[in-house]
Amino acid sequence: MSKIALTNRDLKRRKTVKKFAAKREQLLALVNDQNLNPEDRYEARLKLQKLPRNASPVRLRNRCALTGRPRGVYSKFGLGRSKLRDIVMRGEVPGVIKASW
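We now turn to the structure provided with this report.

Under the counting rule described, the total for this entry stands at two salt bridges. Note that Arg14 is salt-bridged to Asp10, the shortest N-O span being 3.2 Å. With a gap of four residues between them, Arg14 and Asp10 both fall in helix H1 (residues 4-32), about one helical turn apart. With a relative accessible area of 32%, Arg14 lands in the partly exposed category. A residue is classified by how much of its surface remains accessible, and Asp10, at 9% relative accessible area, is buried. Of the charged contacts, one joins Arg90 and Glu92 as a salt bridge, the two residues approaching to 3.0 Å between their closest N and O atoms. Residue Arg90 is classed as exposed on the basis of its relative accessible area of 55%.

Attention now goes to the side chain of Thr16. The residue Thr16 is located in helix H1 in this model. In this structure, Thr16 is in contact with Asn54 and Ala55, ignoring residues within four places of it in sequence.

Phe20, Leu27, Val31, Ala44, Leu48, Leu51 and Ala55 form the largest nonpolar core, which has seven residues in total. Within the residue set of this core, elements represented by two or more residues are H1 and helix H2 (38-50). With three residues, H1 is the single largest residue contributor to this core. Setting aside residues no more than four positions away along its own chain, Val31 makes contact with Arg41, Ala44 and Arg45. Core analysis: the second largest hydrophobic core is formed by six residues, Leu79, Leu84, Ile87 and Val88 among them.

A few words now on helix H3 (residues 81-89). Considered for burial, the residues of H3 that qualify are Leu84, Ile87 and Val88. For H3, the arc enclosing every buried residue in end-on projection is 100°, short of the 170-degree limit, so these residues lie on one face. Lining the buried residues of H3 we find strand S1 (73-74) and strand S2 (79-80). Taken from the residues just after H3, Gly91 is the one with a positive phi, measuring 80°.

Quick look at a positive patch on the surface now. On the surface, a cluster of positive charge is contributed by Arg61, Arg69, Arg71 and Arg81. A residue is classified by how much of its surface remains accessible, and Arg69, at 34% relative accessible area, is partly exposed.

The rules we used
Residues numbered from 1 in each chain as written. Predicted model: local features only at pLDDT ≥ 70, side-chain atom pairs only at ≥ 80, totals over all residues. Heavy atoms only, no water. Salt bridge = Lys/Arg side-chain N within 4 Å of Asp/Glu carboxyl O. Helix = DSSP H or I, 4+ residues; strand = E, 2+ residues; numbered from the N terminus. Buried < 20%, exposed > 50% of the residue type's maximum accessible area, 1.4 Å probe, protein only. Contact = heavy atoms within 4.5 Å. Core = buried A, V, L, I, M, F, W, Y, C linked by side-chain atoms within 4.5 Å. Arc of directions from axis to C-beta. Patch = residues over 30% accessible without salt bridge, like charges linked within 9 Å, V, L, I, M, F, W, Y side chains within 5 Å. Areas by Shrake-Rupley, 256 points an atom, 1.4 Å probe, with all protein chains shown as cover. Lys, Arg positive; Asp, Glu negative; His and termini not counted. Charge placed at Lys NZ, Arg CZ, Asp CG, Glu CD.

Shown next, in the form of C-alpha cells:
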C-alpha cells in the first residue's frame, strides 16, 4: 500500500491537468506557430510558464487502483502486476488465462 497522501497528490494533479488542458493546448499552438511574429510567440511562452507546474501531463504517474503502487502498472487494467495476477488467477478477468506451453 502506498501512502494515502501520494495517491491524493496524484488525484489532485489529474484534476489540475484536466482543468488547464484546453488553455495549455492553445498556448502551445501559439508557441509552435512559425507564422506568428516572435513577440507574440514570446508572450505565449511567458503565459505558458505562468501556468501551475502540476498542469503539465508529464507530472502524472500511473498508479494501481487498488494499492497505489507506482511501478509495474498495466495501463490496460489500471492494476499493479501483483494484484492483476491475483485477480486473473481467481478467474475474474474474462479472456485472460495463464500462459502454458
